[in-house]
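Residues per chain are reported as follows:
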Amino acid sequence: MKTFCSVWLLLSLVELSPAPPASQEPPLACTGAPDPAPPQPETAEDMASTGDLEPTHYPARRAAQVALHYLNTHHGSPFRVFGLQQVHKASAEDVAAGGRKYKLDFSVTDWGSGSAGPALRCSADVLFPRTERHSAPKVELHCEALQQINSTAQEDDAFYQKYISPDSTVSARDIPDSFGNMSEEMQPFWRLARVAASFIMLRESSENTEFNMAKVASITQQESSEEQLMLEFVVLLHDFPSQEIVQWKLLASWSPDRGVRVLQTEWQPRCPHATKPPN
Amino acid sequence: MRVYLAVFALLALDFWTHAVSTERPVDILVPHSSLNAVKVFLKKNNIPFTVMINNVQELLVREREEMVHNAEMERKSKSFNFAAYHDLETIYSFMDTLVASHSNLISKVNIGRTYENRTMYVLKFSTGGVKKPAIWIDAGIHAREWISHATAVWLADRIATDFMGNRAPVPSILSHMDIFLMIVANPDGYVFTHLSPNPHYRLWRKSRSATSNPKCPGVDLNRNWDAEFGGPGASDDPCAEDYRGPSAQSEIEVKNIVDFIMNHGNFKSFITIHSYMQLLMYPYGYSGTDAPDQPELHDVATSASKALNSWHGTVYKVGSIFHTIKPASGASVDWAYLRGIKYSFAFELRDTGRYGFLLPADQIVSTARETWFALRYIMKYVCDHPY
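Residues numbered from 1 in each chain as written. Chains lettered and ligands numbered in written order. Predicted model: local features only at pLDDT ≥ 70, side-chain atom pairs only at ≥ 80, totals over all residues. Heavy atoms only, no water.

In the nomenclature of an unreviewed UniProt entry, chain B corresponds to Carboxypeptidase A2 (pancreatic) from the organism Cyprinus carpio carpio. The record in UniProt for chain B states the following under Cofactor (unreviewed entry): "Zn(2+)". Entered under Subcellular location (unreviewed entry) in the UniProt record, the comment concerning chain B runs "Secreted". (UniProt positions renumbered as here; feature names shortened; annotations may be inferred.)

As annotated in an unreviewed UniProt entry, chain A is Latexin from Cyprinus carpio carpio.

Caption draft 1: Local environment of the packing of helix α3 (residues 58-75) of chain A against helix α5 (residues 187-204) of chain A. All names here are of chain A. Direction vectors running N to C along α3 and α5 enclose 135 degrees, while the axes themselves pass 8 Å from each other. Judged by the inter-axis angle, α3 sits oblique to α5. Crossing hand, α3 versus α5: left-handed. Counted together, V66, H69, Y70, N72 and T73 of α3 and R194, V195, S198, F199, M201 and L202 of α5 form the full contact between these two elements. (Axes fitted to C-alpha atoms, helices over the stretch in contact; angles between N-to-C directions. Helix = DSSP H or I, 4+ residues; strand = E, 2+ residues; numbered from the N terminus. Parallel < 35°, antiparallel > 145°, perpendicular 65-115°, else oblique. Left-handed = near helix turned anticlockwise from the far one by under 90°. Contact = heavy atoms within 4.5 Å.)

Caption draft 2: Layout of the sheet that holds strand β3 (residues 99-110) of chain A. All names here are of chain A. The strand order across the open sheet built from five strands is β1-β2-β3-β4-β5, with neighbouring strands paired in antiparallel fashion. Of all the strands in the sheet, just β1 (51-53) and β5 (138-143) have a single pairing partner and so form its edges. On average, each strand axis in the sheet is tilted by 20 degrees relative to the strand beside it, whichever way the strands run. (Pairing = 2+ DSSP bridges.)

Caption draft 3: Here's a closer look at the pairing of strand β5 (residues 134-139) of chain B. Residues and elements named next belong to chain B. Counting buried positions along β5 yields six of six residues, so the element is predominantly enclosed. The alternating pattern of β5 places A134, W136 and D138 and I135, I137 and A139 on opposite faces, both of which are buried. Bridge count between β5 and strand β6 (residues 178-182): five bridges; the pairing is parallel. In the strand pairing of β6, I137 is matched with L181. Sheet topology note: the β5/strand β7 (residues 267-275) ladder contains six bridges and is parallel. Following the sheet pairing, A134 is matched in β7 by F267. (Buried < 20%, exposed > 50% of the residue type's maximum accessible area, 1.4 Å probe, protein only.)

Caption draft 4: How the structure looks around the sheet that holds strand β3 (residues 106-113) of chain B. Residues and elements named next belong to chain B. The eight strands are arranged β3-β4-β6-β5-β7-β10-β8-β9 in an open sheet whose pairing can be described as mixed. This sheet does not close on itself; its edge strands, each paired only once, are β3 and β9 (317-320). Taking the axes of each pair of neighbouring strands and ignoring which way they run, one obtains an average angle of 20 degrees across the sheet. Relative to strand β4 (residues 119-125), β3 runs antiparallel, the two being bridged by six bridges. For R113, the partnering residue across the bridge sits in β4 and is T119. Sitting on the sheet, helix α4 (residues 88-101) touches β3 and β4, and the angle it makes with β4 is about 30 degrees.

Caption draft 5: Up close: the packing of α4(B) against helix α5 (residues 146-164) of chain B. Residue and element names in this part refer to chain B. Where α4 meets α5, the closest approach of the two axes is 11 Å, and the angle between their N-to-C directions is 5 degrees. By the angle class used here, α4 and α5 are roughly parallel. Side by side, α4 and α5 meet where I91, F94 and L98 of the first sit next to H149, V153, A156, D157 and A160 of the second. Class assignment of the residues belonging to the contact of α4 with α5 gives a composition of six nonpolar, one polar and one charged. (Nonpolar A, V, L, I, M, F, W, Y, C, P; charged D, E, K, R; others polar.)

Caption draft 6: Main features of the pairing of strand β10 (residues 259-268) of chain A. In the sheet, strand β9 (residues 245-255) of chain A pairs with β10(A) via nine bridges, with the strands oriented antiparallel. Of the residues in β10(A), the one forming a bridge with Q247(A) is Q268(A).

Caption draft 7: Focus on a nonpolar patch on the surface. Residues and elements named next belong to chain B. Residues W16, M52, I53 and L59 make up a contiguous nonpolar surface patch of about 430 Å² in total accessible area. Relative to the helices and strands, I53 resides in the loop between α2 (35-44) and α3 (56-79). Its relative accessible area of 37% is what places I53 among the partly exposed residues. (Patch = residues over 30% accessible without salt bridge, like charges linked within 9 Å, V, L, I, M, F, W, Y side chains within 5 Å. Areas by Shrake-Rupley, 256 points an atom, 1.4 Å probe, with all protein chains shown as cover. Salt bridge = Lys/Arg side-chain N within 4 Å of Asp/Glu carboxyl O.)

Caption draft 8: Just the confidence of the model for chain B, in detail. Counting all residues, the mean pLDDT for chain B is 93, and 98% of those residues have values of 70 or more. If you check the scores for this complex, the pTM reads 0.84 and the ipTM reads 0.83. (pLDDT = per-residue confidence, 0-100.)

Caption draft 9: The arrangement of the packing of aromatic side chains in detail. Per the counting criterion, the structure on display carries 35 aromatic pairs over all chains. Both rings, one in F159(A) and one in F189(A), keep their centres 5.0 Å apart while their planes meet at 65 degrees; by these two values the pair is edge-to-face. A residue pair is termed long-range when its members are at least 10 positions apart, and F159(A) in helix α4 (residues 153-164) and F189(A) in helix α5 qualify at 30 residues. A residue is classified by how much of its surface remains accessible, and F189(A), at 1% relative accessible area, is buried. Both rings, one in F192(B) and one in Y201(B), keep their centres 4.8 Å apart while their planes meet at 35 degrees; by these two values the pair is tilted. Over the aromatic face of Y121(B) sits the side chain of K108(B), whose NZ or CZ is 3.9 Å from the ring centroid. A cation over an aromatic ring shows up here: R208(B) above the ring of W204(B), its NZ or CZ 4.6 Å from the ring centre. (Phe/Tyr/Trp six-rings, centres within 6.5 Å; stacked < 30°, edge-to-face > 60°. Lys NZ or Arg CZ within 6 Å of the ring centre and 35° of its normal.)

Caption draft 10: A look at unusual backbone geometry. Residue Y276(B) is bonded to the preceding S275(B) through a cis peptide linkage, with omega at 0 degrees. As for its placement among the helices and strands, Y276(B) is situated in the loop between β7 and β8 (279-282). Here the bond from R350(B) into D351(B) is cis, since omega is -5 degrees, no more than 30 degrees from zero. In this structure, D351(B) sits in the loop between β10 (343-349) and α13 (364-384). Phi at A145(A) is positive, roughly 60 degrees, even though this residue is not glycine. When you line up the elements, A145(A) lands in the loop between β5 and α4. The phi dihedral of K131(B) is positive, around 45 degrees, even though this residue is not glycine. Along the polypeptide, K131(B) turns up in the loop between β4 and β5. Judged by its relative accessible area of 44%, K131(B) falls in the partly exposed class.

Quick look at the structure:
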């Protein structure tokens, strides 16, 4: 980190020099932001409304995204990631213990099967606690026909067998690249990163955030442990309300049997001297 | 006269019009070698003459050059790859090609320079007249939203070809209105996003101006407009992605557009193109109160989104910026609306988060096409509802 800081200082003197080498971790990555600005609660109107919510408005959509993150942490895999198709009905109420509970009726699709896939109908309760320090939302979710969607067991196994070998040392950057390109081989890794990122996005969500994974900055396969694929990811999350890009490093394991588990997460400051994590 | 004709034949003269009677003039092409002899002959015989074209060869050369040039422009515009993302230089070169191929319809307007001194261009589609009621469309105000610029490039070509091919409703719209299309509203930011695949560059959103914090350049150009500037949904921290800037219109890029539109004085519609989220929105961003024209704007947006959906089945949601995305002050659409430009809309193009800002290039053309369906509807509506 120290090297980066001093190199950054040097380069800041030549701000307008030509393109930096793509491979170099740019010291200019330091935006100087001490930490992502804590999401500001929006003005009262939509947030205060109790009862039925407009499904196309952001409060319902944000709550549905949280339910999606929960769904992906439980049912996501290298060949399955769910995305929100639309919210059908939503309502919200303040709860006695402090916090706000959303009731949602929405549909999701599997990104893995492309536009051909069927939509799954889901219902969820999403509780955003209102505590001094941020705590993760609590989700209760039920999706009909979840067990009936086409199993990806075959692809999962083939993928697992290919990369569990001790010789496997997958390593990649910028998935997808600037142009949205991603090789066929990288797709399952991208999905795994997306599922692993869902753990973080779920945990970090509040009524004032709407997270999505913008990009996988890097994937580095670690030595397999206990028959689990071990992958270290650096992911970039995009928060829609603040438009901030937040960087996280995480260590995840996966196997067809155990699914995705996230073992370590580390918020990465965009600037070396920053220390405070978000929330 | 027959004697003369015989003489002329000897001099290898080429009659462009034939001698019919002594009352009517005759046009003759004279080779250079015979020039003097012809002049002497005509003078001697008191035949009055005037030189119509001094040097036909020169004209022929110029005409041929123009034809070659046009054919090349034709080839260039046909060979332009719309299914790819291009850098600023290539987009600017595309604009020149488009203007050259459609010089009767399109001109390029220089509306000023950016912070880093790049020129800001607007394509003007006009069939003539002075300050006809006009439609404004801008793309790329946020640098990382590449599908926005790519869609605008395709739209520019589509408007031109629809006009040329007399495809409704474009000729009709252009007979009553002018269209101004700004493909890159934030050139400095766009160039920055091309410097490296590293997210710090590729995912840059703002302008590239120096701020009060030397570590954090750039202002969110869509929070810098004079529309409840300083209100909710914009930050006063230069390091924030939605930093509004020190004051309304402090950014030269915003000021250039404001000055252009205000000086023109006859814009009837203002449309801004962003990504992502698949939304078609109208004012306000700064307040949850319904805009006075909300019912009409909502209807127009709803119909436009249905038109969009009819192409590929892509679903867009419709609503005010405040309610659909979040409160956002200093937004361009609000500014336009508050200046009396009633039909103001903001598009958020594909997708809904799977690829986000990194939309694969193979989706450019289908995205642009469906957007065109919506845009066409809006433009026709604006044209049919003058105010």
